[in-house]
Amino acid sequence: MQTYPAPAAVLVDTMAAAAAADPARAVAFQGAPGANSHIAVGEAFPDALPLPCFGFEDAIDAVREGRAERALIPIENSLHGRVADMHFLLPESGLTIIGEHFLPIRHCLLGSGTLGEVEEAMSHPQALGQCRHWLRGNGIRAIPFPDTAAAAAAVVEMGAPARLGALAPRLAAELYGLPILAEGIADEEDNTTRFLALALEAPEELGSGPYMTTLMFQVKNVPAALFKALGGFATNGVNMTKLESYQRGGAFQATEFYADIEGHPDEPGVARALEELAFYSRWVRILGTYRKARNRDL
């Protein structure tokens, strides 16, 4: 898919025009109108003008170029883990993380016929994977598509044959006029996506805590470097809620780490932990400090 399906493209043009008239209120998101990211923008920033963007890079560029004040980007899903590419795009974007938002995901099967008539369903591979048992149980073949809401628009563009459905949010059904044939069809009920809000600069005032801090680092290539680098968080009572590793450039040599910790770098314990991390690392880069939107306690 190089462009939006026609029913989505009409909405994109209207929303882009509104955002261009008032970029200070615009929040860029990846996907077609009606996508989960569109819903997340409405929840996180009720007074914002949502700006649909074709790809993650496009949403980031909208902020860098001044066409949007912020972007809201999915970073991880409770069932499928991290969102591909974002851990590479974030440090290169030049943007700062200014907030987080958690969105419960509720998949719907949209179509023009009846549930029994649907033979194939189009959607984003993650959505299809999250509903694979339900689809198999109903004899529906999964058809990968780059975007959930755009899949609904594509079904409409193809004349909405009864045999073809789309997995998409309820908002997509409303925007494109497709009936909901089934709702809440994910194989797991606890399906949540975490979004990060990005901006060119951090706000002068964060408001009252508690806070989260997101950072990336690369440890030195010496024995037990990661163990020693992370020891400062334990000894200073700093809770690390996320730690992921990945390779950059395919060299299989320099492993980089993405981490979320609870707290603000100005807090004494966090400051000491970050100092110890820096001692055992080649570099440390803080991507943002922001108010915690949800407790991580079990």
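Structure first, text after, so check above.
Here's a quick rundown of the structure. (Residues numbered from 1 in each chain as written. Predicted model: local features only at pLDDT ≥ 70, side-chain atom pairs only at ≥ 80, totals over all residues. Heavy atoms only, no water.)

**What about the pairing of strand 12 (residues 211-219)?**
Here strand 12 lies mainly inside the structure; nine of its nine residues are buried. Going residue by residue along strand 12, you find Tyr211, Thr213, Leu215, Phe217 and Val219 tucked away on one face and Met212, Thr214, Met216 and Gln218 tucked away on the opposite face as well. Bridge count between strand 12 and strand 15 (residues 281-291): nine bridges; the pairing is antiparallel. Directly across from methionine 216, in strand 15, lies its bridge partner arginine 285. In terms of strand pairing, strand 12 meets strand 14 (residues 255-262) through seven bridges, oriented antiparallel. (Buried < 20%, exposed > 50% of the residue type's maximum accessible area, 1.4 Å probe, protein only. Helix = DSSP H or I, 4+ residues; strand = E, 2+ residues; numbered from the N terminus. Pairing = 2+ DSSP bridges.)

**Regarding the sheet that holds strand 10 (residues 180-183)**
Strand order in this open sheet of five strands is 8-7-9-6-10, and the pairing throughout is mixed. Each edge of the open sheet carries a strand with a single partner, namely strand 8 (141-144) and strand 10. Averaged over neighbouring strand pairs, the angle between their axes works out to 30° when direction is ignored. One ladder, built from four bridges, connects strand 7 (residues 120-123) with strand 8; its direction is parallel. Looking across to strand 8, one finds that serine 123 is bridged to proline 144. (Axes fitted to C-alpha atoms, helices over the stretch in contact; angles between N-to-C directions.)

**A short note on the packing of aromatic side chains**
One pass over the full model with this rule turns up three aromatic pairs. Seen from their ring centres, phenylalanine 217 and phenylalanine 257 are 5.2 Å apart, and the 15° between their planes marks the pair as stacked. Of this pair, phenylalanine 217 sits in strand 12 while phenylalanine 257 is found in strand 14, placing the two residues 40 residues apart along the sequence. Comparing phenylalanine 217 with phenylalanine 257, the two get one shared label, buried. Taken together, a centroid distance of 5.0 Å and an interplanar angle of 85° make the contact between phenylalanine 279 and tyrosine 280 edge-to-face. You can call tyrosine 280 partly exposed: its relative accessible area is 24%. Over the aromatic face of phenylalanine 102 sits the side chain of arginine 294, whose NZ or CZ is 5.0 Å from the ring centroid. (Phe/Tyr/Trp six-rings, centres within 6.5 Å; stacked < 30°, edge-to-face > 60°. Lys NZ or Arg CZ within 6 Å of the ring centre and 35° of its normal.)

**Remarks on the environment of glycine 94**
Its place among the elements puts glycine 94 in the loop between helix 4 (86-93) and strand 5 (96-104). In this structure glycine 94 comes out as exposed when scored by relative accessible area, which is 55%. Taking the C-alpha atoms as reference points, glycine 94 and isoleucine 60, separated by 34 residues in sequence, lie 9.2 Å from one another.

**Considerations on the pattern of salt bridges**
Taken as a whole, this structure holds 13 salt bridges when the rule is applied. Arginine 163 is paired through a salt bridge with glutamate 120; the nearest N and O atoms lie 3.0 Å apart. Here glutamate 120 lies in strand 7 and arginine 163 lies in the loop between helix 7 (148-157) and strand 9 (164-168), a separation of 43 residues in the sequence. Among the charged side chains, a network of salt bridges with common partners joins Glu76, Glu100, Arg194, Lys242, Glu244 and Asp260. (Salt bridge = Lys/Arg side-chain N within 4 Å of Asp/Glu carboxyl O.)

**Focus on the side chain of threonine 213**
Take threonine 213: it is sitting in strand 12. Here threonine 213 falls in the buried class, since its relative accessible area comes to 0%. There is a polar contact of 2.7 Å between the side chain of threonine 213 and the backbone oxygen of glycine 263. Within the structure, threonine 213 has its side chain in polar contact with the side chain of threonine 289 (distance 3.0 Å). (Polar contact = N/O pair within 3.5 Å; in protein donor to acceptor, adjacent residues only side chain to side chain.)

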